[in-house]
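The lines below spell out each chain.
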Amino acid sequence: MGRGDDAGYRCGTFGQALRWTEMTEDDERWMREAIRIARSKGSDPSTSPLGSVIVLDGRVIAAERNQTHELPDATAHAEMMAIRRGCEASGELELRGATLYSTLQPCGMCTMASIWSKVGRVVYGAEREDVHPMYFEARHVDTLAFITDAYRDDIVIEGGCLREECAKLYYPPDAVLPEDEQANL
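Just so you know, these numbers come straight off a predicted model, no measurement behind them.

**Some words on the packing of aromatic side chains**
Using the criterion set out here, one finds 1 aromatic pair in the structure. With centroids separated by 5.1 Å and ring planes inclined at 65 degrees, the aromatic side chains of Tyr135 and Tyr170 adopt a geometry described as edge-to-face. On the criterion of sequence distance, the pair formed by Tyr135 in the loop between strand 6 (121-126) and helix 4 (143-148) and Tyr170 in the segment after helix 5 (163-167) is long-range, its members being 35 residues apart. When its relative accessible area of 9% is taken as the criterion, Tyr135 is described as buried. With relative accessibility at 3%, the residue Tyr170 sits in the buried group. The ring of Trp30 has Arg29 lying over it, and the distance from NZ or CZ to the ring centre is 4.0 Å.

**Section: the nonpolar core**
Among the nonpolar cores identified, the biggest contains 28 residues, and Met31, Tyr101, Leu104, Val131, Tyr135 and Tyr170 are the most heavily contacted of them. Counting only elements with at least two residues in this core, the list comes to helix 1 (25-39), strand 3 (51-56), strand 5 (99-104), strand 6 and helix 5. If you tally residues by element for this core, the top one is helix 1, at 6 residues. If we skip the residues at most four places from it in the chain, Leu104 touches Leu50, Glu79, Tyr124, Gly125, Ala126, Glu127, Val131, Tyr135, Phe136 and Tyr170.

Quick notes on the rules
Chains are numbered independently. Their residues run from 1 in the order of the written sequence. In keeping with the predicted nature of the model, local features appear solely for residues at pLDDT of at least 70, side-chain atom pairs appear and are counted solely at 80 or more, and the whole-chain, interface and lining totals rest on all residues. With hydrogens and water stripped out, all remaining heavy atoms of the structure feed into the side-chain values. Here the aromatic set is Phe, Tyr and Trp, taking the six-membered ring for Trp, and pairing holds for ring centres within 6.5 Å; pairs whose planes are under 30 degrees apart are stacked, those over 60 apart are edge-to-face, and all others are tilted. Each helix corresponds to a stretch of at least 4 residues labelled H or I by DSSP, and each strand to a stretch of at least 2 residues labelled E; elements are numbered beginning at the N terminus. Working definition: with a 1.4 Å probe on protein chains only, accessible area under 20% of the residue-type maximum means buried, over 50% means exposed, and in between means partly exposed. Working rule: Lys NZ or Arg CZ, within 6 Å of ring centre, within 35 degrees of ring normal, means a charge sits over the ring. We define a nonpolar core as any set of buried Ala, Val, Leu, Ile, Met, Phe, Trp, Tyr and Cys residues linked to one another through side-chain atoms lying within 4.5 Å. Note on contacts: a residue pair qualifies if any of its non-hydrogen atoms lie within 4.5 Å across the two residues.

What follows is the structure, encoded as structure tokens:
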């Protein structure tokens, strides 16, 4: 299966080599919900339309989009907001057994929040190579390598779920953009 193929994604448990596996129908369904949430903000890629859904025991306990500009709060990434809402909904500090779906590979902050909240699995759509650099830290932080050395060895991260569809939400890697539109550069 090729890396650009939407029929599969990279996955692995922390500390293990990443491998390609088949995406499940549930993964596609929940990622489509994350895409819908991302689009609820509009379709302009300059607004960083990220969507995140947290699923526990087969039901959505949180669904949030990026809200950094609206609040204004630099930590109001879709994943962070979903983790906050998921903990509120469950009444728990930990989200053990939950899966967090995100339309874009989580940044370092969101990756760390996933680790600390004890999310059992993270599934993301587009990878940093699929989108313009403005969507990530100016200095490359490889969150996948970071997770390998993280505090836990029981979290699974899987990427590329509906990769092409998710990547369409954002500026492509080679887009020429005015500097004032580029968030993290």
